[in-house]
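Remarks on the overall topology
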Amino acid sequence: MSLLEVDRLQVHLFTNRGLVRAVDGVSFSLEAGRSLGIVGESGCGKTMTALALMRLIPTPPAQIVGGSIRFDGEDVVAMDDARLRALRGNQIAMIYQDPMTTLNPVFTVGEQIAESVRLHRHDGRHAAFLRAVEMLKLVGIPDPDRVARAYPHQLSGGMRQRAVIAMALACDPKLLIADEPTTALDVTIQAQILELLRRLRDDLGTGIILITHDLGVIADLVDEVVVMYAGKLVEHAPVRQLFAAPQHPYTRGLLRSVPSLDMREHRLRTIDGTVPPAHAMPEGCRFNPRCALVMDVCREKEPPLVDVGGGTRAACWALA
Amino acid sequence: MSDIAVTPSRQSAVLTYLAANKLTAMGAALCCLLIFVALISPWIVPHDPLEQSFATANEGPSDLHWFGTDAFGRDVFSRVLIGGRISLSIGICAPVLSALFGVWAGMIAGYFGGWTDRMISRFSDLLMSFPSLLLGVMIAAALGPSFQTAVIAIAVALFPRFVRLSRSATQVLRREPFVDASIAAGRGTFSIMLRHVLPNIAGPLVVALSLWVATAIRLEAALSFLGLGAQPPTPSWGNMIRDGMSDLVGDPWPAAFAGAAITLAVLAFNMVGDALRDMLDPELDS
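Residues numbered from 1 in each chain as written. Chains lettered and ligands numbered in written order. Predicted model: local features only at pLDDT ≥ 70, side-chain atom pairs only at ≥ 80, totals over all residues. Heavy atoms only, no water.

Turning our attention to the overall build of chain B. Each helix and strand counted, chain B has 10 helices and 0 strands in total. The order of helices and strands in chain B, counted from the N terminus, is α-α-α-α-α-α-α-α-α-α. In terms of principal-axis extent, the alpha carbons of chain B reach across some 75 × 50 × 30 Å. Within chain B, buried positions represent 44% of all 286 residues. In chain B, once contacts between residues fewer than 6 apart in sequence are set aside, the share between residues at least 24 apart is 70%. When the accessible surface of chain B is totalled, it reaches about 14000 Å², and 69% of it is carbon and sulfur. (Helix = DSSP H or I, 4+ residues; strand = E, 2+ residues; numbered from the N terminus. Buried < 20%, exposed > 50% of the residue type's maximum accessible area, 1.4 Å probe, protein only. Contact = heavy atoms within 4.5 Å. Areas by Shrake-Rupley, 256 points an atom, 1.4 Å probe, with all protein chains shown as cover.)

Residues and elements named next belong to chain A. Read from one edge of the open sheet, 4 strands run β2-β1-β4-β5, paired in antiparallel fashion. Unpaired on one side and paired on the other, β2 (18-30) and β5 (74-75) mark the two borders of the sheet. In this fold helix α1 (residues 46-53) packs onto β1 (4-15), β2 and β4 (62-71), with an angle of close to 115° to the strand it touches most, β1. (Pairing = 2+ DSSP bridges. Axes fitted to C-alpha atoms, helices over the stretch in contact; angles between N-to-C directions.)

What follows covers the side chain of A:Asn288. Residue and element names in this part refer to chain A. Note on placement: asparagine 288 falls in the loop between α10 (249-256) and β11 (305-309). The class of asparagine 288 is buried, set by a relative accessible area of 8%. Within the structure, the side chain of asparagine 288 is placed 3.4 Å from the backbone oxygen of cysteine 298, a separation counted as a polar contact. For asparagine 288, the residues in contact, after removing those within four places along its chain, are Pro282, Glu283, Val294, Cys298 and Arg299. (Polar contact = N/O pair within 3.5 Å; in protein donor to acceptor, adjacent residues only side chain to side chain.)

Quick look at the sheet that holds strand β6 (residues 92-95) of chain A now. Residue and element names in this part refer to chain A. With respect to topology, 8 strands assemble into an open sheet ordered β6-β7-β8-β3-β9-β10-β12-β11, the strand pairing being mixed. This sheet does not close on itself; its edge strands, each paired only once, are β6 and β11. Ignoring strand direction, the axes of neighbouring strands in this sheet form an average angle of 20°. Pairing between β6 and strand β7 (residues 175-179): 4 bridges, direction parallel. Within the sheet, the bridge partner assigned to isoleucine 92 lies in β7 and is leucine 175.

Counted by the stated rule, this structure contains 25 salt bridges over all chains. The shortest N-O distance in the salt bridge between A:Asp24 and A:Arg286 comes to 2.8 Å. Of the two residues, A:Asp24 sits in strand β2 while A:Arg286 sits in the loop between α10 and β11, which places them 262 residues apart along the sequence. Note on accessibility: A:Asp24 and A:Arg286 belong to one class, buried. Between B:Asp125 and B:Arg122 there is a salt bridge, with its nearest N and O atoms 3.5 Å apart. Of the two residues, B:Asp125 and B:Arg122 both sit in helix α4 (residues 114-128), 3 residues apart, roughly one turn of that helix. Look at B:Asp125 and you get partly exposed, because its relative accessible area is 28%. Here the salt bridges do not stand alone but share partners, grouping A:Arg21, A:Asp24, A:Lys232, A:Arg286 and A:Glu302 into one network. (Salt bridge = Lys/Arg side-chain N within 4 Å of Asp/Glu carboxyl O.)

Turning to the pairing of β7(A), a few remarks are in order. Residue and element names in this part refer to chain A. Along β7, 5 of the 5 residues are buried, which leaves the element largely enclosed by surrounding structure. Of the two faces of β7, both are covered, the one formed by Leu175, Ile177 and Asp179 as well as the one formed by Leu176 and Ala178. Summarising the sheet, β7 and strand β8 (residues 207-212) pair through 5 bridges and their orientation is parallel. Residue pairing across strands places alanine 178 opposite leucine 210, the latter belonging to β8.

This next bit is on the packing of helix α8 (residues 189-225) of chain B against helix α9 (residues 237-245) of chain B. Residues and elements named next belong to chain B. α9 packs onto α8 with a crossing angle of 40° between their chain directions and a minimal axis gap of 7 Å. Taken together, α8 and α9 sit at an angle that is classed as oblique. For the element pair α8 and α9, the recorded crossing hand is right-handed. The residues of α9 that touch α8, namely those facing Glu220, Ala221, Ser224 and Phe225, are Gly238, Asn239, Ile241, Arg242 and Met245. Across the contact of α8 with α9, the residue classes break down as 4 nonpolar, 3 polar and 2 charged. (Parallel < 35°, antiparallel > 145°, perpendicular 65-115°, else oblique. Left-handed = near helix turned anticlockwise from the far one by under 90°. Nonpolar A, V, L, I, M, F, W, Y, C, P; charged D, E, K, R; others polar.)

Another aspect to go through is the confidence of the model for chain B. As a note on interpretation, predicted positions should not be read in detail where pLDDT is low. Residue and element names in this part refer to chain B. In the predicted model, chain B carries a mean pLDDT of 84, and 93% of its residues have values of at least 70. Put simply, helix α1 (residues 10-20) is where chain B has its lowest mean pLDDT, 69, and α4 is where it has its highest, 93. As scored by the predictor, the complex reaches a pTM of 0.77 and an ipTM of 0.78. (pLDDT = per-residue confidence, 0-100.)

Take the environment of A:Leu138 next. Residue and element names in this part refer to chain A. Mapped onto the fold, leucine 138 is located in helix α4 (residues 125-138). For leucine 138, a relative accessible area of 28% translates into the label partly exposed. Along the sequence, leucine 138 and leucine 242 sit 104 residues apart, while their C-alpha atoms lie 32 Å from each other. The residues contacting leucine 138, other than those within four sequence positions of it, are Leu196, Arg199, Leu200 and Leu204.

What follows concerns unusual backbone geometry. Glycine aside, a negative phi is what most residues show, and trans is what most peptide bonds show. Residue and element names in this part refer to chain A. The backbone of arginine 8 shows a phi angle near 45°, a positive value even though the residue is not glycine. Looking at the secondary structure, you find arginine 8 in strand β1. Note on arginine 8: relative accessible area 56%, which makes it exposed. For aspartate 72, which is not glycine, the phi torsion reads 55° and is therefore positive. With respect to the helices and strands, aspartate 72 occurs in the loop between β4 and β5. Under the relative-accessibility criterion, aspartate 72 is labelled partly exposed at 32%.

Residue and element names in this part refer to chain B. Between its terminal C-alpha atoms helix α5 (residues 132-143) stretches 16 Å, which fits the 16 Å expected from 12 residues at 1.5 Å a residue. Residues Ser132, Leu135, Gly136, Ile139 and Ala140 constitute the buried set of α5. Buried residues of α5 fall within an arc of 125° about the axis and therefore sit on the same side. Summarising the geometry of α5, the exposed residues directed more than 90 degrees from the buried face are Ala141 and Ala142. Looking at the residues trailing α5, positive phi occurs at glycine 144, about 85°. (Expected span 1.5 Å × (residues − 1). Arc of directions from axis to C-beta.)

Right, dumping it as C-alpha cells:
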C-alpha cells in the first residue's frame with residue numbers, strides 16, 4: 001500500500017464567471033520516504049492539488065467534486081473535522097512559499113514550534129520547548145537555544161524558512177508538502193534549503209511533495225515528477241526520464257525554456273501563446289491552441305493518459 | 001546567530017518610554033492615583049459622606065470642609081472621593097464587559113465572514129445607529145436605574161465599537177499566511193482565534209479600551225445626571241452635579257468639584273489612551 005494514493009481527483013471552483021475545473025482527474029501515488037514534484041505554470045492547479053491533499057482548499061468557492069485521496073489507507077475526502085485536525089500537522093505537514101508571513105509575529109519561534117508539538121502530543125511545556133530547540137538544531141540553525149527565544153522579525157529569510165521547516169517536521173509527519181518553499185528566498189539560500197530538505201528526506205524518511213514552477217529545483221530533489229497543465233495531468237515520469245526524454249509537447253516546451261549555460265541562441269525560448277482563461281477551456285486537449293503537433297483529433301477529444309514506456313505516462317494524441 | 005538583537009523585556013521598554021514622555025507618565029500616574037484613592041476612600045474620608053447637617057449647609061471651602069458642603073450639609077470632599085468609586089468602577093467595568101462580548105462577536109464576524117458576519121454586523125449597526133447616550137437612557141429606563149443597569153447600558157452602548165474594531169482587524173489577519181499555516185498544522189478555529197487572532201489585535205483593543213473608559217466615565221456622569229445611574233443618597237460624580245444644579249449660583253462647589261473630578265479622570269484616561277496608541281503604532285515609531 002502506498003503512503004498516498006490520489007485517484008482521479010477533481011476540484012471545481014464555483015465562481016461568478018462560471019465553473020472552473022481547477023483540478024481535473026489527476027491521479028498519482030507516492031510511496032513512503034519518496035518524493036514527488038508537481039510542476040506547471042501559475043494557475044495550472046498544482047497548488048489546488050496540494051491543498052486538496054489536506055482538505056485545505058477554500059470552500060466555497062472550491063470543492064472536491066470527485067475522485068479519492070487515500071493517505072495511509074484512509075480516505076481523506078470522507079474525513080470529519082476532528083480526524084482532519086489530527087491528520088494535519090501531525091501526519092501531513094505543509095510549508096508555504098513565504099517564510100516572512102507564515103510565522104506569527106507576536107510569539108517567539110520556539111513558542112510557535114512548541115505549540116504545534118503540544119497540539120498533537122501530550123508533552124509538557126518544557127518538553128515541547130526542548131523539542132523545538134532540538135528541531136531548530138536539526139534544520140541546521142546555529143545557536144538554536146537563542147533562536148528559539150527570538151521573534152520572527154529578528155531572523156533572516158533563510159533562518160525563518162528553516163524555522164518553518166522545523167515547525168512542520170516537529171511531529172514527525174510521514175508526508176511533507178512544500179508549496180514553492182524556495183521561491184521567496186535568495187538563490188544561495190534556496191540551495192541551502194533544498195539541501196536541507198534532501199537531507200531530512202534521507203535521514204527521517206519523510207515523504208515529500210514539492211510544488212514548484214522551477215524545474216531546477218525539481219531535478220535536485222525529487223524521484224518522480226507530475227507535470228500539470230490547465231488542471232490536467234499531462235505527464236508523469238521518473239525525474240531522470242523526464243529530463244532525458246520528455247514525452248508531452250508541453251513538457252518539452254517547459255524544458256526548452258529553461259536557459260542553460262551552453263545556450264547558443266540569444267533569445268530565451270518560450271512556449272507560444274498563453275494558458276487559456278480558466279472558464280473558457282478549449283475542446284479536446286487543453287494544450288491544443290499552443291501545440292506545434294496539433295492534429296484534428298486534439299481539438300475534438302481529450303487525450304487519454306497512456307503508458308509510453310520508461311515508467312512515463314503522458315496524455316497526448318501524438319503518443320497514443 | 002550573534003546578530004540577533006537582544007530584546008529588552010516589555011517592562012523595561014515601557015519604563016523607558018515613560019521616562020521619555022513626561023505627559024504620558026503624568027496621565028498614567030493620575031489614572032493610578034484616581035483608582036487608588038477610589039479604592040481606599042472609605043478609610044480616608046474626613047467626614048461621613050452621607051451625614052447631613054443643616055447647620056453647615058451650602059458652605060464654601062474651609063479648613064474643616066476642603067471642598068465646602070452641599071445643600072444638605074454633607075462634606076463635598078468626602079463625597080467626591082466616595083463618588084469616584086461608583087464613577088470609576090462603572091467607567092472601567094462597562095467597557096471591560098463590553099469588550100468581553102464585543103471582541104468575540106467581532107472576531108467571529110471577521111473570521112467567518114458571509115452570513116455570520118452579516119448578522120453580527122447588522123445587529124451592531126443597529127445599536128450604532130442610536131447615539132450612545134440615548135441608548136443608555138433607553139436601557140437604564142427600561143431596566144430601572146441602578147449600578148448594574150448603568151454598567152449594562154454603557155456596555156451595550158460601547159458594544160458595536162468593539163465589534164467594528166475587532167471585526168476589521170480580524171478580517172485583515174484572516175488573510176495572513178500564518179493563519180492558513182496554523183490550519184494546516186491542525187489547529188481548530190476557536191484555538192486559532194485565541195492564539196493567533198486575539199494576540200495580534202490586542203494592541204488596538206487596549207488603546208480603544210483605555211479611550212473608551214474615558215467615554216464610559218462621561219456616559220456614567222450623564223446617566224447619573226439624568227437620575228438613571230447610582231441612586232441617591234449614594235454619591236457619584238454625575239448625581240452630585242445634578243444635586244448641585246438646583247442651587248448653582250448660591251453654592252456652586254459640589255457641582256464644580258464633581259465636574260472637575262470627571263474632567264480630571266477623562267483627561268487622565270485619554271492621555272494614557274493616546275500614549276498607548278502612539279506606542280503601538282509602528283508608523284509613529286521613532
